[in-house]
Amino acid sequence: MRGTEAGRYGEGLFRPEETGEADRIDLGALAYDEVSTARLAALGAGPGWSCLDVGAGTGTLARWLLESAGVTAVLAVDRDTRSLDADRTPGLSTLTADITAPDFAPGRFQLVHARFVLMHLRSWRRMITKLASLVAPGGVLVLSDAVDLTTAGAPATPYTTVMRAMWHGLRQSIGTDISWVPDCPYLLREEGLSRVAAEIHVPPLVPGSPLSGFWADTWDRARDAMLATGQVDAARIERAGRELSSDDCAGLSPGMLTAWGWRTEEAVRDGHI
Ligand SMILES: C[S@@+](CC[C@H](N)C(=O)[O-])C[C@H]1O[C@@H](n2cnc3c(N)ncnc32)[C@H](O)[C@@H]1O
């Protein structure tokens, strides 16, 4: 499937028209929005800012930027903007586009943001360069993607086995790759961005929490890809689901690494960018 349309996020897996897909994205947003919004606020998102959110999903962060941070404008881009278009928040524009297309050039922005998007793109490295080029002088690029800190030494419980099979299956089917994510701050430096920093948040797997629901839904959707790895069978996936919803799941959830870097006015003036 590699390189074919069926082998891409939203086509081979996680199709937006599937019942419940927007709800699955919302569960992920519920688990991580608090951390993302705290970081965006600390970076100064506010009045006067024009923002680009690529792979904006259901638009929870685009709406927060406008309604709570008070930014001036947000362009929310996704291959499927149905959830975004359902909302008429003042200042919100939407664009239905494939961000990997060579002619994707939406302009320059004070904030360029992408969360849980680049990890799903085979062209993630080229996309970091592309997104950095969309940051206006004085602006900031903020990228969040998944990290999985489960070590090779963690016990092989149904949960850990299934989570490993999920990453393997997603890699084989749609090309999802999180191996580069811890290097993201260095990659932002390579793009000539300054004052680069990063943080990791790993929320707890509490039964009944949005995060536990997100992983259960994700396993449901990725089930065939997980089975195709040969690392798990249906019974093990079912046992992992029970472990996830029990009080005794000691498993460490995958977390989110957020890295950011600024395009300084000086670097632009001196021709370094
Ligand atoms: C895991 S969801 C994350 C949604 C949102 N950023 C969030 O964190 O809540 C990934 C999103 O990226 C979008 N996406 C994936 N590949 C894309 C592409 N090539 N061009 C535009 N959007 C894409 C999907 O449609 C989906 O909405």
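Above: the structure in question.
Only a predicted model underlies this, so the values are computations on that prediction, with no experimental measurement involved. (Residues numbered from 1 in each chain as written. Predicted model: local features only at pLDDT ≥ 70, side-chain atom pairs only at ≥ 80, totals over all residues. Heavy atoms only, no water.)

## Considerations on empty space enclosed by the protein
Then, in step 1: Within the structure shown, the criterion is met by 1 cavity of 30 Å³ or more.
Then, in step 2: The space that makes up the largest cavity amounts to roughly 30 Å³.
Then, in step 3: Looking at the largest cavity, the residues that line it are S36, R39, L40, H113, V142, S144 and T258.
Then, in step 4: Taken together, the elements giving at least two residues each to the lining of the largest cavity come down to α1 (21-42) and β5 (135-147).
Then, in step 5: Here the lining of the largest cavity gets 3 residues from one element, more than from any other, and that element is α1. (1 Å grid on protein atoms, 1.4 Å probe; cavity = no way out; pocket = protein on both sides within 12 Å on 5 of 7 lines; lining within 4 Å. Points joined across faces, edges and corners; volume = space filled by probe spheres on them. Helix = DSSP H or I, 4+ residues; strand = E, 2+ residues; numbered from the N terminus.)

## Thoughts on the pattern of salt bridges
Then, in step 1: Applying the stated criterion across every chain, the model contains 16 salt bridges.
Then, in step 2: Between D33 and R115 there is a salt bridge; the shortest N-O distance is 2.8 Å. Of the two residues, D33 sits in helix α1 while R115 sits in strand β4 (residues 109-115), which places them 82 residues apart along the sequence.
Then, in step 3: Judged by relative accessible area, which is 12%, R115 ranks as buried.
Then, in step 4: Each of the salt bridges in this network shares a partner with another, and the network as a whole consists of R15, E17, E18, E21, R24, D80, R82 and R221. (Salt bridge = Lys/Arg side-chain N within 4 Å of Asp/Glu carboxyl O. Buried < 20%, exposed > 50% of the residue type's maximum accessible area, 1.4 Å probe, protein only.)

## Some details on the environment of R122
Then, in step 1: Tracing the backbone through its elements, the reader meets R122 in the loop between β4 and α4 (124-133).
Then, in step 2: Residues R122 and R8, 114 residues apart in the sequence, show an inter-C-alpha distance of 8.6 Å.

## Topic: the pairing of β5
Then, in step 1: Among the 13 residues that make up β5, 11 are buried, leaving the element largely enclosed by the rest of the structure.
Then, in step 2: In this sheet, β5 lies alongside β4 in parallel orientation, the contact comprising 6 bridges. Looking at β5, one finds that R115 is bridged to S144.
Then, in step 3: In this view, the connection linking β4 to its parallel neighbour β5 by way of α4 has right-handed handedness. (Pairing = 2+ DSSP bridges. Right-handed = clockwise from strand over helix to strand, strands pointing away.)

## Digging into the site of the ligand
Then, in step 1: The environment of the ligand is formed by 16 residues, the closest being G55, D78, D98, I99 and R115.
Then, in step 2: In the model, a nitrogen atom of the ligand is placed 2.9 Å from a nitrogen or oxygen of the D98 side chain.
Then, in step 3: Note that an oxygen atom of the ligand is positioned 2.7 Å from one of the side-chain N or O atoms of R115.
Then, in step 4: For the ligand, whose accessible area on its own is 600 Å², the fraction buried by protein is 93%.
Then, in step 5: Looking at side-chain class alone, the shell around the ligand contains 8 nonpolar, 3 polar and 5 charged residues. (Near = heavy atom within 4 Å. Polar contact = N/O pair within 3.5 Å; in protein donor to acceptor, adjacent residues only side chain to side chain. Areas by Shrake-Rupley, 256 points an atom, 1.4 Å probe, with all protein chains shown as cover. Nonpolar A, V, L, I, M, F, W, Y, C, P; charged D, E, K, R; others polar.)

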